[in-house]
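Secondary and tertiary structure notes
One-letter residues, chain by chain:
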Amino acid sequence: MMTAASRIRNFSIIAHIDHGKSTLADRLLERTGAISEREMRDQILDEMDLERERGITIKANAVRLDYAAASGTTYQLNLIDTPGHVDFSYEVSRSLEACEGALLVVDASQGVEAQTLANAYLAIEEGLEIIPVVNKIDLPAADPGRVAEELVAVLGGTVDEVIYVSAKTGQGIEDLLEAIVERLPAPEGDPDAPLRALVFDSYYDTYRGVVSHIRVVDGSIARREAIRFMATNLVVEADELGIRRPASEAVGRLSVGEVGSLVAGVKEIDLIRVGDTVTGAAQPASAALPGYREPKPMVFSGLFPTDGDDFERLREALEKLRLNDSALAYQAETSRALGFGFRVGFLGLLHMEIVRERLEREYDLDLVATAPSVAYVANLASGEQVAVRSPQDLPDASVLASIEEPYVKVMIITPSQYIGTVMELVQQRRGEMGEMTYLSPERAELHYRIPLGEIVFDFFDQLKSGTRGYASLDYEPDGYQISDLVRVNILLNGIPVDAFSTIVHREKAYAYGKAMVARLRELIPRQLFDVPVQAAIGTRVISRETIKAKRKDVTAKCYGGDITRKRKLLERQKEGKRRMKMVGQVEVPQEAFVAALRLET
Amino acid sequence: MTPGHERAETEGTVRPDSIELAEEARSWRSAYVHIPFCARRCPYCDFAVVADGERGSGETDRYVEAIVAEISLEQAPFRLDAVNFGGGTPSRLAPGGFERILEALDGRFGIADGAEVSIEANPEDWAPGYAQELIAVGFNRVSFGIQSFDPDVLTSLGRNHSPEQAERAMRAARDAGFASLNIDLIYGDPAETDASWSTTVGRALDLEPDHLSAYALTVEGGTDLSRAVRDGAPAPDPDVQADRYDHVADRARGAGLVRYEVSNWGRPGHACRYNLSSWMMGEFLGFGTGSHDHRRGTRARNIRRLDAYLERVEIGVRPRAGSEHLDPFEKERERFMVGLRLAGGVRPGAIGTAFLQNPDGRRLIDAGVIRRAGDRVIVARPLLTDLVARSVLSVSPGEC
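Residues numbered from 1 in each chain as written. Chains lettered and ligands numbered in written order. Predicted model: local features only at pLDDT ≥ 70, side-chain atom pairs only at ≥ 80, totals over all residues.

Here we look at unusual backbone geometry
All names here are of chain B. Operational definition: Here a strand is any run of E in DSSP of at least two residues, a helix any run of H or I of at least four, and the numbering for each starts at the N terminus. Here a residue counts as buried when 20 or more other C-beta atoms fall within 10 Å of its C-beta, as exposed when 12 or fewer do, and as partly exposed in between; the C-beta atoms come from the backbone.
In this structure, Gly88 follows Gly87 across a cis peptide bond, with omega equal to 20 degrees. Even without being glycine, Glu208 reaches a positive phi, approximately 50 degrees. Looking at the element boundaries, Glu208 is found in the loop between helix H7 (194–206) and strand E8 (211–216). The partly exposed category is assigned to Glu208, around which 14 C-beta atoms lie within 10 Å.

Here is the structure:
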């Protein structure tokens, strides 16, 4: 099907979690007749179970809508869904590059949030036209006027440009569709130039191999045509081209400005990279589209199977996950305490949680995850530099000159009354204050520089609880800097447990050690013998507790009739035991490893 | 006396009953009759009980007839080596009731000469003449629920008797001619102190019981005690209970009582036959509400509710609430696990042998929790018996 580029509008929706992005997308689908009300399934674009459960989008997705505008012209609207979380900002920027415009959706009762703003700035940097939308105007707590003013303060322009909708009731949806065709620019590519199409997402399908989402920037792509992926120099044939409405539909050609999917019989995800440019093999473009960069893991954690026999299954599961998630990086790791496993790199904490949950849920694995850490750089006395992705990688103090740690630029938006709380929290985390701007008398935008290692634990939780859930956060990498860091080792029964060791700032080492030791004493059940739990820097013990030996573990009274019940009770208790991991002679429950993640320092 | 002998109990000069007698007990058969009536419900008790004022509490005569009817539902002869009346509070029943039931048991199954015929009793029910009447109908053993000699602990446990009543009841039973007297004690109530426990143990041993059971106070689900603990009342402290256990174990041994099970001590020849048989996987019949039954590898249990029990029995239907049949592996595993509770130990069999060789078993041997003694496995630290049993559960049929 051919559509002149002037009648195409490519856009995405930028919104904070819960601000109604998915509901709005559903409503647009319904209004343009892409789906009937009967087919209406809430949040139709979020496909993965996990995405549905958490109400967030991880992978991008594109749907084509046909909209008959008031002018009588029918437009092709391509709604390109973007991930909403900071961890996935690289995916966001790829998706935005496929669009000419974006709807910036803000909840009429909540106002602008940091993530939304960060993504809006990304969109503006990409040169996108923004339509400010205030959603949920039907809510009793809605204050559309105030929120519109906030939007104007952030984006510029005037209040008149703001569209007011209720995705829930459908109010204002017509106005929004008209604004999309009137205000957003049509794609500008050259239909006669050699093909250039941007790969803005890809995923692995068991039957078809790698499926890429592409945006045709110049020229057109036809089925059966020989194409070249420019970054990897892979030459293949375009087996299938398709669009979604939202049901999949095969097409023979995708022309300039259009968005669709491409299957080329490629089985290895590494060969098709998000951000790469597809061109014709016969008549290649002279230059690729700008912007491919390798996704960079920011947070690392060790993943170990509870049952050592599951190591190979874990390897296979990671391989399969990576097919769909090129940001996932891992390498085999051996822990003295936990045996064989992997050190896995993630884009952020949410990414880490999602991967772990998918491994446990979809691959039925029982995992122990070690405390997350960031990638440090050790400067040796010899002048050499060593990457430290795990506390165990830290070279011996005798050869160590200094340690550098990654910093991030953090933006926090908070109601004004919590500014003090936020400043105190950030100060505890070794944050350096940057500028502060008032979005309105009630809300302020604060900028900081903070070591990434200080926010990977529980910073976000603390921020949320300190501001009654009102503050929002976004961050981006901001280089490395030398800090006074030490490794705190945790010893169980005199043996260092690498899974519990961590790198912290020297001033915080004592508090960390004390808290960790106290927590482990609570979490590790009593054993057959006294178990000392110690925290140490090098050979110097900074904190110690003892888990007293277990003395009594017996049913006092066992009469004839009770034998069945007693056996069942023991069986239930044994199930709990199965989730224990032997560390030396000590049985450690999985929660102990997880608890290390939640430790408050 | 070695202090803290829990760490490795050595056998005394007297062999515990659980070796020779226990081997015999394997072939014994016994009957358990449950008498659910109580003056009041003790806060820690989770047995099938009907307290005064509750529905059915006046139905003792009807209940006795129901037991007789339930006995008559049995077909096969089953010579009984032990009969035990438990509760509830059996001593709430008039002697005539026991006479009816014992006659029915003897008529249907035959009670062996020299069989143990035992009753659980509360000291406050021990009116003058009652002991003689019980002997006249065939009892030769009584087990008193004395629990403590500390009035504060007795109050806390919801018991109705005084320490002096307990002493009088024991003497009266002895004078009446009971061949075997047992005292039940409970330790670890938060109202108890080291000193009061010492006094309790001393006064109990001064009465020269033939048998002593000392049980740790246990918080069972659904009891008043568990609700109180949930609402913040102090729970029994396992370390304190371990101390109390060590104390009673030392003192009992000093008084010539030999431990033959985790919580049970007896003079030679006075091990409770009914219990010993059930721990040796012997067969037993159960009658009355909530009672349990074990025959030919099937474990069955009766309905707990009195009214439902009566209705069933009175229309000639077996009042079963459920049953389970054990396959040979489960049966063997149960034999080994329950046998671990016996001080004389247990023959390991295929499962025990596999267990002793696997890492869990070796760890427990190295830590001195279990040891081999001849052809038997003994738990040297009885207070860790469940820990051992859970490890045994990890043995799979494939390992044997």
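Here the narrative resumes.
Structural notes on the confidence of the model for chain A
A low pLDDT means the predicted coordinates there should not be read in detail. Residue and element names in this part refer to chain A. How we decide: The pLDDT score gives, residue by residue, the confidence of the prediction method on a 0 to 100 scale. Throughout, a residue-residue contact means that the two C-beta atoms, derived from backbone geometry, are no farther apart than 7 Å.
Considering every residue of chain A, the mean pLDDT works out to 85; 90% of them sit at 70 or more. Here residues 42–48 is modelled with pLDDT under 50, and outside its nearest four sequence neighbours on either side it reaches 19 contacts, counting other chains as well. Here residues 54–60 is a poorly scored stretch, pLDDT under 50, and it has 28 contacts once near neighbours within four places are set aside; other chains count.

So, the interface of chain B and chain A
Under the convention used in this document: Ten residue types, Ala, Val, Leu, Ile, Met, Phe, Trp, Tyr, Cys and Pro, are classed as nonpolar, four, Asp, Glu, Lys and Arg, as charged, and the remainder, Gly among them, as polar.
Taken together, the 35 residues of chain B in the interface contact 21 residues of chain A. For the side of chain B that touches chain A, the element with the highest residue contribution is helix H15 (residues 385–393) of chain B, accounting for six residues. Its residues assigned to classes, the side of chain B that touches chain A shows 16 nonpolar, 11 polar and eight charged.

With respect to the sheet that holds strand E10 (residues 226–229) of chain A
All names here are of chain A. To be explicit about the condition: Here a strand pair is declared whenever DSSP counts at least two bridges between the two strands. Working convention: axes come from line fits to C-alpha atoms, limited for helices to the stretch in contact. Angles between N-to-C directions cover 0 to 180 degrees.
Taking strand neighbours across the sheet as the criterion, the eight strands line up as E11-E10-E16-E7-E8-E15-E12-E13 in an open arrangement whose pairing is antiparallel. Lying at the two open borders of the sheet, with one neighbouring strand each, are strand E11 (234–237) and strand E13 (248–251). Taken pair by pair, the neighbouring strands of this sheet meet at an average axis angle of 40 degrees, ignoring direction. Summarising the sheet, strand E12 (residues 240–244) and strand E15 (residues 259–263) pair through three bridges and their orientation is antiparallel. Bridge pairing in E15 links Glu240 to Val263.

With respect to the sheet that holds strand E6 (residues 163–164) of chain A
All names here are of chain A. The strand order across the open sheet formed by six strands is E2-E3-E1-E4-E5-E6, and the pairing between neighbours is mixed. Of all the strands in the sheet, the pair left with one neighbour each is strand E2 (61–68) and E6. Of the strand pairs in this sheet, strand E5 (residues 129–135) and E6 are connected by two bridges, and their pairing is parallel. When the sheet's bridge partners are listed, Val133 is paired in E6 with Ile163. Sheet strands in contact with helix H4 (residues 114–125) are strand E1 (8–15), strand E4 (101–107) and E5, and its direction is about 150 degrees off that of E1.

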